[in-house]
Amino acid sequence: MLFLFDIDGTLLRRLPPAHRRALCEALRSVYGIALESVDLGPTAGMTDTAITSRLLAAAGCDSRAAEAGLTSFYTAAADAYDRIVDADLSAYRTPHAAEALEWLAARGASLGLVTGNIQRIAWSKLGAAGLARHFGCGAFGDEAEARDALPPLALVRAREIFGRDFAPDQVYVVGDTPADIACGVASGLRTIAVATGPEHTLEHLRACAPDFVIADLRDLETLPLPL
Ligand SMILES: [Mg+2]
């Protein structure tokens, strides 16, 4: 089985402040747009590209200029993130995240990422949280604006890294928002919603009809998964 994990709200309790500050610094240095972290607005479930596109449009940046700056923006944001992030993000882990990943790995599950984070930020963030070593592959927020485009990329990489195909009913997308559930459904995959994020309760997630809804990652052990 393959599990594709979201990061913020799922493995970490929320978007760490350094991530917001890094996006703001890169908006300033690449596009000349001055914003503070509070100006970013809602970010849960969104890719960094979608967050950035929304901010650029609101600032009146035309779409061609916005597109032209994106590669520089990703590099500037990742550089800024590495400069300002805390070396240890273990306090940001959601309850039982580390133990749940150990539990899955011990049962032979393959683990990957489907996250809206810029790739370099994702790996840096998981490294600082002590969780990166569990993950062999992923798809990231600097590879597409729409989250729905990410699971197919993750599946291609999983085939390369793990050396086997995973049938759609053997793949679970795990995340804390309706957008995580939707992106799994869009690719015909199974979905597990976990209510550890800052915005969505168990009841709210249940209303989105994922295959399973759990309070935190320890509850993975209670699900009827063929592990
Ligand atoms: Mg999330």
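Residues numbered from 1 in each chain as written. Predicted model: local features only at pLDDT ≥ 70, side-chain atom pairs only at ≥ 80, totals over all residues. Heavy atoms only, no water.

A. Molecular detail of the overall build of the chain. Counting secondary structure elements, the chain contains eight helices and six strands. For the chain, the sequential pattern of α-helices and β-strands runs β-α-α-α-α-β-α-β-α-β-α-β-α-β. For a compact globule of 227 residues, the expected C-alpha radius of gyration is about 17 Å, and the chain comes in at 17 Å, within 12% of that figure. Viewed in the frame of its principal axes, the chain has a C-alpha envelope of about 50 × 35 × 35 Å. Within the chain, the proportion of its 227 residues that are buried is 51%. The long-range share in the chain, meaning contacts at least 24 apart out of those at least 6 apart in sequence, stands at 67%. A total accessible area of about 9500 Å² is found for the chain, and carbon and sulfur atoms account for 51% of it. (Helix = DSSP H or I, 4+ residues; strand = E, 2+ residues; numbered from the N terminus. Rg over C-alpha atoms; globule rule 2.2 N^0.38 Å. Buried < 20%, exposed > 50% of the residue type's maximum accessible area, 1.4 Å probe, protein only. Contact = heavy atoms within 4.5 Å. Areas by Shrake-Rupley, 256 points an atom, 1.4 Å probe, with all protein chains shown as cover.)

B. Fine view of the coordination of the magnesium ion. For the magnesium ion, the full set of protein donor atoms is D6 (OD), D8 (O) and D176 (OD), at a range of 2.1 to 2.2 Å. Mapped onto the sequence, the residues coordinating the magnesium ion show the spacing D-x1-D-x167-D. A residue pair is termed long-range when its members are at least 10 positions apart, and D6 in the loop between β1 (2–5) and α1 (17–31) and D176 in the loop between β4 (171–175) and α7 (178–186) qualify at 170 residues. Residues D6 and D176 agree in their burial class; the two are buried. (Donors = N, O, S within 2.8 Å, 3.2 Å for Na, K, Ca; no water.)

C. Molecular detail of the domain arrangement of the chain. Taken domain by domain, the chain comprises domain 1 (2–14 + 89–222) and domain 2 (17–84). Computed from C-alpha atoms alone, the centre-to-centre distance between domain 1 and domain 2 is 23 Å. Counting residues at the interface gives 20 residues for domain 1, matched by 21 residues for domain 2. Both faces considered, domain 1 and domain 2 share a buried interface measuring about 1500 Å² in area, 58% of it formed by carbon and sulfur atoms. Linking domain 1 with domain 2 are two salt bridges, by the criterion used here. Note that R120 and D82 form a salt bridge whose closest N and O atoms lie 3.3 Å from each other. For the side of domain 1 that touches domain 2, the element with the highest residue contribution is helix α5 (residues 119–128), accounting for four residues. Its residues assigned to classes, the side of domain 1 that touches domain 2 comprises eight nonpolar, five polar and seven charged. (Domains from an automatic or database assignment. Buried area = accessible area lost by both parts, 1.4 Å probe. Salt bridge = Lys/Arg side-chain N within 4 Å of Asp/Glu carboxyl O. Nonpolar A, V, L, I, M, F, W, Y, C, P; charged D, E, K, R; others polar.)

D. Structural context of the packing of aromatic side chains. On inspection of all chains with the given rule, the structure shows seven aromatic pairs. Note on F5 and F135: the rings are 5.9 Å apart at their centroids and 70° apart in plane angle, and the pair reads as edge-to-face. Residue F5 is located in strand β1, and its partner F135 is located in the loop between α5 and β3 (137–139); the two are separated by 130 residues in the primary sequence. Here F5 and F135 have matching classes, each one buried. On the basis of an interplanar angle of 40° and a centroid distance of 6.1 Å, the ring pair of Y31 and F73 is categorised as tilted. With Y31 in helix α1 and F73 in helix α3 (residues 63–84), the pair connects residues that are 42 residues apart, well separated along the chain. Here the aromatic cluster, defined as three or more aromatic residues joined through ring pairs, consists of F3, Y172 and F212. Above the ring of Y92, the side-chain terminus of R13 is found at 5.6 Å from the ring centroid. (Phe/Tyr/Trp six-rings, centres within 6.5 Å; stacked < 30°, edge-to-face > 60°. Lys NZ or Arg CZ within 6 Å of the ring centre and 35° of its normal.)

E. Structural context of helix α2 (residues 48–58). Every buried residue of α2 is accounted for by D48, T49, A50, I51, T52, L55 and L56. Where α2 is buried, its residues touch α1 and α3. With its phi angle positive at about 85°, G60 sits one or two positions after the end of α2.

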